[in-house]
Amino acid sequence: SAVADDINTLTFNPAGLANIHLPEVGYGHESFVADIGYDFVGAAIPTGEYGVLGLGYVGVGTAPFNSTANPGAASVVAQDRAFIAGWGKSFYDVHVGVGVKYIMRQIDTVQGNGFGFDVGVRYRVFPFLTFAASGLNIGPGIKMASVEPLPTILNFGGAWTAIEESNHLLNFTSDISYNIPTNTPRIGFGAEYWYKNTVAIRCGYLANSIDEGISAGAGVQVSFVQLDYAFQPFNTLGSVHRFSGIVRWDGPWVKGSEPNAPKYLNVKQSPKALEIRWEK
């Protein structure tokens, strides 16, 4: 939650929207175990002094399956879908954000809906150290046959930039999450390395969870396009694969006034470098 600089932050810390400086559109697909799929599509629109707006859609569920021992029974589905609207703004070294989501749930022929809210904050204590916190899925629940509670989660995270040079960027991160309805905490650690802001490698470890274990991934960024892949073994149930991509647009709010100014600002530059460019 402390390393948040693209549209994906809409789903885990809305305060990260404030760290987006170019309009962008992103898509992600996760192939989970037991034929469960996850899809996310979102867009971020910087509005200058009014902050950054984010819109997104999340869908998670199963393909149609037979839930009985009768091979002739009709197939059923289980699916959650949500439309999300978020806003984030930077107040110097403090970023804040809020989000609201409309949630629809379907289990076989039973359907329900509800609302949830997200809040988040990021504080850059030093150029190399950032702390963050977020509360996700805050709300009364989803009205089905009875009211089902939302999976309200509290996140606390930190990020340390160990190396920040023209050709090398290395971040170490950690998150502590607490699921209120299930009274379940879990801890995650991660590292990300960028070479020339073009190629990234990542690794992580998740503890105290049913999906405890390592994860790894890589990414590539060429001009205004970024592609990422992540892989996580899931105990004896199989593996999780995630593919995602982001397209960013240039605009007059990021072009420099110098004749030889770069057409695209490098979004992986330090926030301070971006602030300097903005002032020019």
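Residues numbered from 1 in each chain as written. Predicted model: local features only at pLDDT ≥ 70, side-chain atom pairs only at ≥ 80, totals over all residues. Heavy atoms only, no water.

1. Details of the overall build of the protein chain
The criterion, for reference: By the criteria applied, helices consist of DSSP H or I runs no shorter than four residues and strands consist of E runs no shorter than two, each listed in order from the N terminus. Relative accessibility under 20% of the residue-type maximum defines a buried residue, over 50% an exposed one, and the middle range a partly exposed one, all with a 1.4 Å probe and only protein chains included. Contacts between residues were defined by any pair of non-hydrogen atoms, one from each residue, lying within 4.5 Å.
Each helix and strand counted, the protein chain has 1 helix and 16 strands in total. Relative to its 280 residues, the protein chain shows a buried fraction of 40%. When contacts within the protein chain are restricted to residue pairs at least 6 apart in sequence, long-range pairs at least 24 apart make up 43% of them.

2. What about the nonpolar core?
Nonpolar side chains in soluble globular proteins generally cluster together in the buried interior. Basically, it comes down to this: Only buried residues count toward a nonpolar core, which is a set of Ala, Val, Leu, Ile, Met, Phe, Trp, Tyr and Cys residues joined through side-chain atoms within 4.5 Å.
Residues Ile 7, Leu 10, Leu 17, Ile 20, Tyr 38, Phe 40, Ala 44, Val 52, Val 58, Ile 84 and Ile 246 constitute the largest nonpolar core, which totals 11 residues. Elements supplying a minimum of two residues to this core: strand E2 (36-46) and strand E3 (52-62). In terms of residues, this core owes the most to one element, E2, which gives 3 residues. Dropping the residues within four chain positions of it, Ile 84 is found in contact with Leu 10, Thr 11, Gly 54, Leu 55, Gly 56, Val 58, Val 100 and Lys 101.

3. What about the pattern of salt bridges?
Selection rule: The salt bridge criterion pairs a side-chain nitrogen of Lys or Arg with a carboxyl oxygen of Asp or Glu, the two atoms within 4 Å.
What the rule picks out here adds up to 8 salt bridges. The salt bridge partner of Asp 80 is Arg 105, with a shortest N-O separation of 2.8 Å. In this pair, Asp 80 is assigned in strand E4 (residues 78-91) and Arg 105 in strand E5 (residues 94-107), connecting sequence segments 25 residues apart. We note a salt bridge from Arg 202 to Asp 228, for which the minimum N-O separation is 2.9 Å. Placement of the pair is Arg 202 in strand E13 (residues 199-207) and Asp 228 in strand E15 (residues 225-234), with a sequence separation of 26 residues.

4. Description of the environment of Glu 49
Within the secondary structure, Glu 49 is located in the loop between E2 and E3. Placed 42 residues apart in sequence, Glu 49 and Phe 91 show a C-alpha to C-alpha distance of 10.0 Å.

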